[in-house]
Amino acid sequence: MTSHKIAFIGLGTMGFPMAGHLANAGHHVTVYNRTTTKAEKWVETYAGSFALTPAEAAEGADFIFTCVGNDDDLRQVYLGEDGILASAKPGAILIDNTTASAEVAREIAEQASDCQLSFLDAPVSGGEAGAVNGCLTVMVGGDRKVFEQAKPVIDCFAKATTLMGDIGYGQITKMANQLCIAGILQGLSEAISLAKSAGLDIEQMTEVLKHGAAGSWQLENRAKTMADNEFDFGFAIDWMRKDLGICFEAAEKLGVELPLAKQVDEKYAELQQRGYQRADTSVLIKQFDNDKR
């Protein structure tokens, strides 16, 4: 694959290893992170360099990736005084891996176009393990020709990269993904609570169920840890509630009801109050815990 000059903005749980895969593939990667020490650590871990602003990182880059927290963060790194659009060269392709709203994707795409830049909204699924192992699922919205140019680069950290439609459709697909996870975790929480109360071997139950209609990633990877009261994994309920909030806003505009997701969100809110803000989403099973501390 041709080596490209790449900027990567945002070195959180997901972005740090994602940028690393790009560097390991032979691209020249310049990173930016609000906390400079994180960028310095990345440079120590991988071959590349770091910048002090998004604009500095983006200068001269062929592909510019972003993976930050929310809509406001995106506006800041793209549209701010020291943002990406202030320095990106005409013809560069902007790829946003943040889970955000479809509206902000369209907003940034429009302003990028005015600067002769292309934009793809490309949220990811697969969690920290998927990022570390380079096997994320990437859901993309944007122009097909731009997508085809970007896909070989995105594939450095992905096992499946799919164009879902126009700008914003990547984010809509990610919303559907998060709604599915919420529902599956609620069902799994109830199933494990019932099974444990009856004295069933959870590991054996998982082995049996994964081959049938109840099989899922959550079942295979989280059933035993949920039963063992282990929740120290990558995707915190703080972030899940942020994502569900995006789903609720989109659903309201579309006139769609999301009753199960709202029920799960209420349970997560209660768990936040109990101190589980940074626990993995599978902590949902604690709603059945008699200890309400």
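Residues numbered from 1 in each chain as written. Predicted model: local features only at pLDDT ≥ 70, side-chain atom pairs only at ≥ 80, totals over all residues. Heavy atoms only, no water.

(A) Expanded view of the nonpolar core. Ranked by internal contacts, the top residues of the largest apolar core, which has 35 residues, are Phe8, Met18, Leu22, Trp42, Phe65, Ile95 and Phe157. Aside from chain neighbours lying at most four places away, what touches Ile95 is Phe63, Ile64, Phe65, Thr66, Tyr78, Leu120, Ala122, Ala150 and Ile154. Among the nonpolar cores identified, the runner-up in size contains 31 residues, and Leu188, Phe248, Ala251 and Val283 belong to it. (Core = buried A, V, L, I, M, F, W, Y, C linked by side-chain atoms within 4.5 Å. Buried < 20%, exposed > 50% of the residue type's maximum accessible area, 1.4 Å probe, protein only. Contact = heavy atoms within 4.5 Å.)

(B) Broad picture of the pattern of salt bridges. Summed over the entire model, instances satisfying the criterion amount to 13 salt bridges. With a shortest N-O distance of 3.1 Å, Glu207 and Lys210 are connected by a salt bridge. Linking Arg241 and Asp265 is a salt bridge whose minimum nitrogen-to-oxygen distance equals 2.8 Å. Of the two residues, Arg241 is situated in helix 11 (residues 237-254) and Asp265 in helix 12 (residues 259-273); the sequence distance between them amounts to 24 residues. On the basis of relative accessibility, which here comes to 27%, the residue Arg241 falls in the partly exposed class. On the basis of relative accessible area, Asp265 is assigned to the buried category, the value being 11%. (Salt bridge = Lys/Arg side-chain N within 4 Å of Asp/Glu carboxyl O. Helix = DSSP H or I, 4+ residues; strand = E, 2+ residues; numbered from the N terminus.)

(C) Inspection of the side chain of Thr206 at higher detail. Summarising the element assignment, Thr206 is placed in helix 9 (residues 202-209). Those residues within four positions of Thr206 in sequence are excluded, and the remaining contacts are Leu219, Glu220 and Ala223.

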